[in-house]
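Reading the structure
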Amino acid sequence: MQEKIIIHGGFFSESSDSEEVKVAKQNALANIVKEAFEFLKTHSAMDAAVYAVSLLEDCDLFNAGLGSQIQSDGKIRMSASIMDGESKKFSGVINIEDVKNPVFVAEKLMSFEDSVLSGPEALSFARQHGFSYFNPETSSRKQAYVKKLAESAGVGTVGCVALDRNGKLAAATSTGGKGFELPGRVSDSATVAGNYANDFAAISCTGVGEDIVRAALAAKIVTRVTDGLSLEDACNKSMQELKEFDGFAGVIGISSTGEIFKVDSHPFMVWASYSDTLEVFQ
Ligand code: ASP
């Protein structure tokens, strides 16, 4: 099976991102997808999805890990989840603070029976398992917070979907949330609405978490592919249903037949994919 991988870096914000930021995001996504594709050649889809998301978390252009959005009380709380299409195991962390790579904590939880943890308990788990203190705040996020600019620009989550040489699928998603949210708010990114995979398809979402949860978006698309729809039809039908409530979402996916598809409800999600060739959003 030809390996395939697609990543996203959330939405491009017309109001606060410049042409320079657009080019920087194109370059970052191209470099990360190339590196993750090389990794995928010798690793499983699950390992590659986690690896790609960790690289995206480490890049401060995106709203996940380093450079996460700041919430209304001035704190950064991050969420991440992963799902292995073969084992159907889902694990995640919700609203974790002070770690570098939430996706690695989610990965660590994969082998535990209680596989989704939130808040301070997620942080205690991380510390017990060797994740050291890391402050993900950047000066530009702090400035945006102070100026309250982020009110209109909160959607820059990251995600990855991969298909490995053995035909196995996996998805991983990580976010700093939508920005200025109430402390305690739960993002879609560590739920099956924002991140889902089985033997037939894998999906990672970005956008307004409340809309993505209302649409049960990732799980719904995967179910539709499982029941026989093509990935493209399943995505389009599910995105059509978002229109009922003017839902704001972007989706990347791969099916077990090797179909890659991405779609967004508003202009425009930033993404990059690699199979035979590199493709990057324009
Ligand atoms: N979906 C994320 C959330 O609502 C935000 C994003 O995609 O940027 O927490």
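Residues numbered from 1 in each chain as written. Predicted model: local features only at pLDDT ≥ 70, side-chain atom pairs only at ≥ 80, totals over all residues. Heavy atoms only, no water.

What about the packing of aromatic side chains?
Put simply, the rule is: Stacked, tilted and edge-to-face are the three classes assigned to paired rings of Phe, Tyr and Trp, where Trp is represented by its six-membered ring and a pair needs centres within 6.5 Å; plane angles under 30 degrees give stacked, over 60 edge-to-face, the rest tilted. A run of H or I in DSSP becomes a helix once it reaches four residues, and a run of E becomes a strand once it reaches two; helices and strands are each numbered from the N terminus. Think of it in three bands: residues with accessible area under 20% of the maximum for their type are buried, residues over 50% are exposed, and the middle band is partly exposed, with areas taken using a 1.4 Å probe on protein chains only. Over a ring means this: the NZ of a Lys or the CZ of an Arg is within 6 Å of the ring centre and within 35 degrees of the ring normal.
A complete count under the given rule lists six aromatic pairs for this structure. Taken together, a centroid distance of 5.9 Å and an interplanar angle of 35° make the contact between Phe 268 and Phe 281 tilted. A residue pair is termed long-range when its members are at least 10 positions apart, and Phe 268 in the loop between strand S10 (260-264) and strand S11 (269-274) and Phe 281 in the segment after strand S12 (278-280) qualify at 13 residues. Given the relative accessible area of 18%, Phe 268 is considered buried. Here the aromatic cluster, defined as three or more aromatic residues joined through ring pairs, consists of Phe 12, Phe 268 and Phe 281. Sitting above the plane of the Trp 271 ring, Lys 262 keeps its charged end 4.1 Å from the centroid.

Remarks on the site of the ligand
Our working rule: Throughout, near means a residue has at least one heavy atom within 4 Å of the molecule or strand. Polar contacts, as used here, are pairs of N or O atoms within 3.5 Å; protein pairs need one atom able to donate a hydrogen and one able to accept it. Residues neighboring in sequence count only if both atoms are side-chain atoms. Surface exposure here means Shrake-Rupley accessible area, sampled with a 1.4 Å probe, where a residue is shielded only by the protein chains that are shown. All amino acids are sorted into three groups, where Ala, Val, Leu, Ile, Met, Phe, Trp, Tyr, Cys and Pro are nonpolar, Asp, Glu, Lys and Arg are charged, and the leftover types, Gly among them, are polar.
Neighbouring the ligand are 14 residues; Thr 157, Arg 185, Asp 188, Thr 206 and Gly 207 lie closest to it. In the model, an oxygen atom of the ligand is placed 2.7 Å from a nitrogen or oxygen of the Thr 157 side chain. One of the side-chain N or O atoms of Ser 187 is found 2.9 Å from an oxygen atom in the ligand. Its free accessible area being 270 Å², the ligand has 100% of it covered by the protein chains. Grouping the amino acids of the shell around the ligand by side-chain chemistry returns two nonpolar, nine polar and three charged.

Digging into unusual backbone geometry
Put simply, Pro 267 and Phe 268 share a cis peptide bond, and its omega is -15°. Within the chain, Phe 180 stands out as a residue other than glycine whose phi angle is a positive 65°. Along the chain, the position of Phe 180 falls in the loop between strand S6 (169-175) and strand S7 (195-197). Classification of Phe 180 as buried rests on a relative accessible area of 17%. One non-glycine residue, Ala 216, adopts positive backbone phi at about 45°. The residue Ala 216 is located in the loop between helix H6 (209-215) and helix H7 (217-226) in this model. On the basis of relative accessible area, Ala 216 is assigned to the partly exposed category, the value being 34%.

Points about helix H3 (residues 102-109)
Put simply, the test is: The directions from the helix axis to the C-beta atoms are what the arc is built from.
All of the buried residues along H3 are Pro 102, Val 103, Val 105, Ala 106 and Leu 109. Each buried residue of H3 lies within a common arc of 160° when the element is viewed along its axis, so the set occupies one face.

Overview of the environment of Asp 199
Formally: In what follows, residue pairs with any heavy atoms lying within 4.5 Å of each other are defined as contacts.
Here Asp 199 lies in the loop between S7 and strand S8 (201-207). Along the sequence, Asp 199 and Glu 86 sit 113 residues apart, while their C-alpha atoms lie 5.7 Å from each other. What Asp 199 contacts, discounting residues up to four positions off in sequence, is Gly 85, Glu 86, Lys 88, Leu 169 and Ser 256. There is a polar contact of 2.8 Å between the side chain of Asp 199 and the side chain of Lys 88.

Structural measurements only, silent on function.
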